[in-house]
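One letter stands for each residue in the lines below.
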Amino acid sequence: MSKTKSHTSSNPLNTMPDKKGYFGEYGGQIIPPDLIKIMNEINDAYDEIIQMESFQTELQMLYRDYVGRPSPIYLAKRLTASCGGARIFLKREDLNHTGAHKINHCLGEALLAKHMGKTKVLAETGAGQHGVALATACALVGIDCEIHMGEVDIEKEHPNVTKMKILGCTLVPVSRGTRTLKDAVDSAFEEYLKDPVNYLYAIGSVVGPHPFPKMVRDFQSIVGREAREQFLTRENKLPDLLVACVGGGSNSIGLFSAFLEDESVKMVGVEPAGKGLDTDDHAATMTLGVKGALHGFECYNLQDKDGNPLPVYSIASGLDYPAVGPQHCHLKDIKRVEYKAIDDDECLDAFMQLSRLEGIIPALESAHAVAYAMKVARIMSKEDTILVNLSGRGDKDADFVANVLSL
Ligand SMILES: *Cc1c(COP(=O)(O)O)cnc(C)c1O
């Protein structure tokens, strides 16, 4: 192989980004030169560490004994019967310790920070899901953790705030601007820039500058590798369709990554249509977004005519992000993955159906994927199979839904 040829040029799926972190025309490092240097150091450390047997052994042991992996795949028989078509299987990431897929990459990031000799892990959090998963991983690994959170969100997300405190992280309330996620990002990033050599900024999805989209994807790929093997063992064939919700895109790429070369397997990423695609209240980045740079990388995103990110909305706070990870953008362009939107009402209906037909209360984020699966199962044949990534459980959403539906 010629040395000048990038790793990806022979691989149309671009499962690895090129040296500069591009998946096709998306990704990269749209950041100041000083930071590019720091990001490249993280990339080099990561590439070295994932080759080390001791790192892999430790991570695999934690996935098994701490997270409870492998998470099962489960045939949702009553849900299937009520739709009357393709059989619907669930990959049960909701059964992980801390109740969602996020622990998979937070453990990886915390271990990486420790191995790199960093003194502190930093992040922002909106609803608190990323904050809790990261604080958990840092408590386990034994490294300082600092989470920035808007004051408005602190008031709204009380249970997660309490958990972060108990887990021993430093919670920094952010009082600037609208006192929400966007301001928390700015605040956490300012703190990070004070000492990027000794701190690690732990990004919460497959977004941000290279190498984060690659690293977080790799840490989440355990979901797809397990699911592919489990499904083959059980059914003697691959699923016909994979479905997963897309915020930044980590749980979906985690599932999809193991199947990209299986041509018979169709894949759909489900984004939030919120109150409707014809309103301003959605986060349907793939359906309505444009190409541009945001938060340090090239991607599809929702922006106004001056290039500023638009305010986004979803009933599922984990999905209201105005961009999507670069590998997804590439997979959309080459038509390997389709992206569809599900609105709040369809999401709530799926939330209740899965709860009452299967006794599984899903996260509102995951309920978007369930809703799409229910919709297409009806028009697929009984021989067909759908595998849904149930990215998290709905304990955090139960009071809210009961209130909205006046239960
Ligand atoms: C955060 C979150 C998501 C959205 O993030 P992705 O990076 O798109 O996976 C989805 N589901 C749950 C349960 C979450 O907590």
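Rules behind the numbers
Residues numbered from 1 in each chain as written. Predicted model: local features only at pLDDT ≥ 70, side-chain atom pairs only at ≥ 80, totals over all residues. Heavy atoms only, no water. Domains from an automatic or database assignment. Contact = heavy atoms within 4.5 Å. Buried area = accessible area lost by both parts, 1.4 Å probe. Salt bridge = Lys/Arg side-chain N within 4 Å of Asp/Glu carboxyl O. Polar contact = N/O pair within 3.5 Å; in protein donor to acceptor, adjacent residues only side chain to side chain. Helix = DSSP H or I, 4+ residues; strand = E, 2+ residues; numbered from the N terminus. Nonpolar A, V, L, I, M, F, W, Y, C, P; charged D, E, K, R; others polar. Buried < 20%, exposed > 50% of the residue type's maximum accessible area, 1.4 Å probe, protein only. Lys, Arg positive; Asp, Glu negative; His and termini not counted. Pairing = 2+ DSSP bridges. Axes fitted to C-alpha atoms, helices over the stretch in contact; angles between N-to-C directions. Expected span 1.5 Å × (residues − 1). Arc of directions from axis to C-beta. Phe/Tyr/Trp six-rings, centres within 6.5 Å; stacked < 30°, edge-to-face > 60°. Lys NZ or Arg CZ within 6 Å of the ring centre and 35° of its normal.

### Quick notes on the domain arrangement of the protein chain
Domain assignment breaks the protein chain into domain 1 (22–64 + 102–213) and domain 2 (68–99 + 221–404). Once you take the C-alpha centre of each, domain 1 and domain 2 turn out to be 23 Å apart. Contacts between the two partners involve 26 residues from domain 1 and, on the opposite side, 31 residues from domain 2. Summed over both sides, the interface of domain 1 with domain 2 buries roughly 2,200 Å², with 63% coming from carbon and sulfur. Counting across the interface, domain 1 meets domain 2 through one salt bridge. With its nearest N and O atoms 3.5 Å apart, the salt bridge here joins Glu 25 to Lys 291. Where domain 1 touches domain 2, the interface holds 11 residue pairs in polar contact (both at pLDDT 80 or more). Those elements giving two or more residues to the side of domain 1 that touches domain 2 turn out to be β1 (22–23), β2 (26–27), α2 (53–67), α4 (102–115) and α5 (129–141). Across the side of domain 1 that touches domain 2, the residue classes tally to 12 nonpolar, 12 polar and two charged.

### Section: the pattern of salt bridges
Considering all chains together, one arrives at 23 salt bridges under this definition. For the salt bridge of Arg 393 with Asp 395, the shortest nitrogen-to-oxygen distance reads 3.8 Å. Relative accessible area serves as the criterion here: at 32%, Arg 393 is assigned to the partly exposed category. Ionic pairing is found between Lys 396 and Asp 397, a salt bridge with its closest N-O pair at 2.8 Å.

### Quick notes on the side chain of Glu 157
Looking at the element boundaries, Glu 157 is found in the loop between α6 (151–156) and α7 (158–166). Buried and unpaired, Glu 157 has Lys 156 as its nearest opposite-charge partner, separated by 5.2 Å. Residues in contact with Glu 157, not counting those within four places in the same chain, are Gly 126, Ala 127 and Met 149.

### A closer look at the sheet that holds strand β4 (residues 87–92)
Read from one edge to the other, the open sheet built from six strands follows the order β3-β4-β14-β9-β10-β13, with strand pairing classed as mixed. Strand pairing shows two members of the sheet lacking a second neighbour, β3 (73–75) and β13 (338–343), which therefore form its edges. Each strand axis lies, on average, 30° off the axis of its neighbour in the sheet, ignoring direction. Relative to strand β14 (residues 385–390), strand β9 (residues 241–245) is paired through three bridges, and the arrangement is parallel. Residue pairing in the sheet places Leu 241 in a bridge with Ile 386 of β14. Relative to β13, helix α13 (residues 344–358) is tilted by about 85°, and along the sheet it contacts β3, β4, β10 (266–274), β13 and β14. Contacts between helix α14 (residues 364–377) and the sheet are confined to β4, β9, β10, β13 and β14, with β14 contributing the most and set at about 170° to the helix.

### Remarks on α2
Here α2 contains 15 residues, and its C-alpha end-to-end distance of 20 Å stays within 8% of the 21 Å for a straight helix at 1.5 Å per residue. Those residues of α2 that sit buried are Phe 55, Leu 59, Leu 62, Tyr 63 and Val 67. Down the axis of α2, the buried set is contained in an arc of 100°. They therefore lie on one face. Turned more than 90 degrees away from the buried face of α2 sit Glu 53, Arg 64 and Asp 65, all of them exposed. Looking at the buried positions of α2, the neighbouring elements they touch are α1 (33–49), α4, α5 and α9 (212–235).

### Considering the packing of aromatic side chains
This model, assessed by the stated rule, comprises six aromatic pairs. With a centroid separation of 5.7 Å and 85° between ring planes, the pair formed by Tyr 46 and Phe 219 is classed as edge-to-face. Highlighted residues: Tyr 46 in helix α1 and Phe 219 in helix α9, separated in sequence by 173 residues. In terms of burial, Tyr 46 and Phe 219 fall into one category: buried. Clustering of aromatic rings is evident, with ring pairs tying together Phe 189, Tyr 192 and Tyr 201. Positioned over the ring face of Tyr 313 is Lys 275, at 4.8 Å from the centre of the ring.

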